[in-house]
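Architecture at a glance
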Amino acid sequence: MKQRKTPLQWLNDRTGLVNLIVSVAVHPVPPGARWKYVFGSAVLAAFILQVVTGIGLLTTYVSSTGGAYQSLQYITDKAPLGALLRGMHYWGASAMVVMIIIHLVRVFLTGSYKFPRELNWGSGVLLLGITAAMAFSGQIMRWDQNAVWSLVVGTEMSGRFPLIGTWLGYFIMGGDVMGSSTLSRIFAVHVFILPILLVSLAGLHLYLVLRNGVSEPPVPGRGVDPSTYRSEYQSMLREKGVPFWPEAAWRDFVFALAVVLAVLLLAWVVGPSKLDRPPDPSLINAHPRPDWYFWWYFAVLALLPYSLENYVMVLAPFLIALILLSVPLASNRGERHPERRPLAVAAVIFIFSCIAALTLAGWRENWSPRVNAPPLTADIIGVSSGPVYDGAMVFNEKACLYCHTIEGHGGKRGPDLSWIADRLTRDQMTLRIMNGAYNMPVFGRILSTTETENLLDFLATRKRPGFGVGE
Ligand code: HEC
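Below is a summary of the structure that appears in this document. (Residues numbered from 1 in each chain as written. Predicted model: local features only at pLDDT ≥ 70, side-chain atom pairs only at ≥ 80, totals over all residues. Heavy atoms only, no water.)

Time to look at the site of the ligand. Around the ligand there are 24 residues in total, and C400, C403, H404, R423 and M440 lie nearest to it. The separation between a nitrogen atom of the ligand and a polar side-chain atom of H404 is 2.7 Å. Among the elements of the structure, α18 (400–403), α19 (420–423), α20 (426–435) and α21 (449–460) are those that each provide at least two residues to the shell around the ligand. Counted by class, the shell around the ligand contains 17 nonpolar, three polar and four charged residues. Taken domain by domain, the makeup of the shell around the ligand includes at least three residues from each of domain 1 (26–217 + 225–363) and domain 2 (378–460). (Near = heavy atom within 4 Å. Polar contact = N/O pair within 3.5 Å; in protein donor to acceptor, adjacent residues only side chain to side chain. Helix = DSSP H or I, 4+ residues; strand = E, 2+ residues; numbered from the N terminus. Nonpolar A, V, L, I, M, F, W, Y, C, P; charged D, E, K, R; others polar. Domains from an automatic or database assignment.)

Applying the stated criterion to the full structure yields 15 aromatic pairs. Judged by centre distance (5.5 Å) and plane angle (85°), the ring pair of W35 and W250 falls under edge-to-face. Placement of W35 in the loop between β1 (28–29) and α3 (39–58) and of W250 in helix α11 (residues 244–269) is noted, with a sequence separation of 215 residues between them. A relative accessible area of 39% means that W35 is categorised as partly exposed. Arranged with centres 6.0 Å apart and planes meeting at 20°, the rings of Y61 and F187 form a pair that is stacked. A residue pair is termed long-range when its members are at least 10 positions apart, and Y61 in the loop between α3 and α4 (68–77) and F187 in helix α9 (residues 180–212) qualify at 126 residues. With relative accessibility at 17%, the residue F187 sits in the buried group. (Phe/Tyr/Trp six-rings, centres within 6.5 Å; stacked < 30°, edge-to-face > 60°. Buried < 20%, exposed > 50% of the residue type's maximum accessible area, 1.4 Å probe, protein only.)

Our focus in this paragraph is a nonpolar patch on the surface. A cluster of nonpolar side chains, W35, W245, W250, F253, V254, L257, L261 and L264, forms an exposed patch at the surface whose accessible area comes to about 820 Å². Its place among the elements puts F253 in helix α11. Accessibility expressed as a relative area gives 54% for F253, which makes it exposed. (Patch = residues over 30% accessible without salt bridge, like charges linked within 9 Å, V, L, I, M, F, W, Y side chains within 5 Å. Areas by Shrake-Rupley, 256 points an atom, 1.4 Å probe, with all protein chains shown as cover. Salt bridge = Lys/Arg side-chain N within 4 Å of Asp/Glu carboxyl O.)

Next up on the list: the nonpolar core. In summary, soluble globular proteins display a tendency toward joint burial of nonpolar side chains. In terms of nonpolar packing, the biggest core is built from 24 residues, with M96, M99, L198 and V263 touching the most fellow members. Broken down by element, this core gets its largest block of residues, seven residues, from helix α5 (residues 82–109). Filtering out sequence-adjacent residues up to four positions away, M99 remains in contact with F39, A42, V43, F255 and V259. (Core = buried A, V, L, I, M, F, W, Y, C linked by side-chain atoms within 4.5 Å. Contact = heavy atoms within 4.5 Å.)

Here we take up the pattern of salt bridges. Throughout the structure, instances matching the rule amount to seven salt bridges. Residues E407 and R462 are paired through a salt bridge, measuring 2.4 Å at the closest nitrogen-oxygen approach. Remark: R462 occurs in the segment after α21 and E407 occurs in the loop between β3 (405–406) and β4 (409–410); sequence separation between them is 55 residues. Overall, E407 belongs to the partly exposed group, its relative accessible area being 42%. Using a relative accessible area of 3% as the deciding quantity, one classes R462 as buried. Linking D422 and R464 is a salt bridge whose minimum nitrogen-to-oxygen distance equals 3.3 Å. Of the two residues, D422 is situated in helix α19 and R464 in the segment after α21; the sequence distance between them amounts to 42 residues.

Printed below as a string of structure tokens:
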């Protein structure tokens, strides 16, 4: 007589999934895995949290320039638990970034990227890049003043890429100007394209972790030799290996839970990031600042000389990625213990000191328009009435001053205009002011004809005797 199968046995017979899950759960891992091994699974937990809260937000978010801001206002102020949901998505993103960084540093310091785990490292670096892109595109979807300004900087970055820059800028904005096609694009990127990449790469990453095994805690003096590593690793597992669940996994579980609870707490107590005012190209007195984990990068851009900015903006992310990807290529064998790798430890300390200092600089908003710049005085202007004086007042009032310096007065976002008339003709200045640039607003619709004429009269006086391009 045929024996009846339980539903679980039936499922396993048809799919093999039950056996697979059980074998993954109890597969042997090296003993002595301590708390420093929990950060990878914390990233996964934070990611799952992002997916869940993201889907929650998706049910109400409107991805149009007219509706995005209001829909977020509605979620934050009116929707039941909406503020908590937004808060969790916001703090969850921070948690994910932080956990990835800690995980990466741990893997680097314990030399776990060495043979045979070079591609674990490589896929991890790509996951970091995609996560950064997720964080950036997520910020843009707020579509407030801050978001639009961040995107202006981002587009500027791509727009300066050699050869394909213009095309890339066009591609990101979905046209010539920042508008609804831009937001649709960012939305597709944040909700479909990047998540699909993220899930597939995370799958590959986890598969590689299972295939190559969790790295055993490093022992000073015992290096990696690719010709013997695998057989030694296997016999070590046979002799001393412990089952993943529960021996090692309970720590992962407890820590992941702690991360989720911390996110919940922050979302509840601190709440989501405050929405800036709605975007308005004529308003520069917002605090255009990306979320904190990008501050250091924007600070680098702000502190660089204007002529270098163009190259660094575009090349730096690729350079960082290349350096990170080449780590296992540079050394995939030898010592793993940090005690025996002082250079590696010094590099980590150096890089994080730099990032900390730059983050501080970015926090002080060096790179953004200076909204508290003292206005130009009659002293600097040279006259105290007439069109030139009126033009200088336009310069004060229409925020030119926030970005441009005149004889030491003003912000440093744009070029110094102290002697602009030496460099540009009146027509060239008109062109720039009317049309703006990637990082300068379009003033054509903001200034009246008289204001424009006065402004140009004023700028025409910014000339050193004996210099000049002539009219
Ligand atoms: C948000 C910051 C910002 C504001 C506000 C701003 N600018 Fe600019 N401006 C810039 C930047 C950045 C550049 C350089 C653009 C480029 O070449 O990529 C620039 C370039 C210029 C140039 C060309 C300078 C050169 O050396 O080529 C002129 C002239 C100028 N701005 C005038 C003005 C005037 C007049 C106003 C006010 C009506 C104004 N700007 C407001 C950021 C700003």
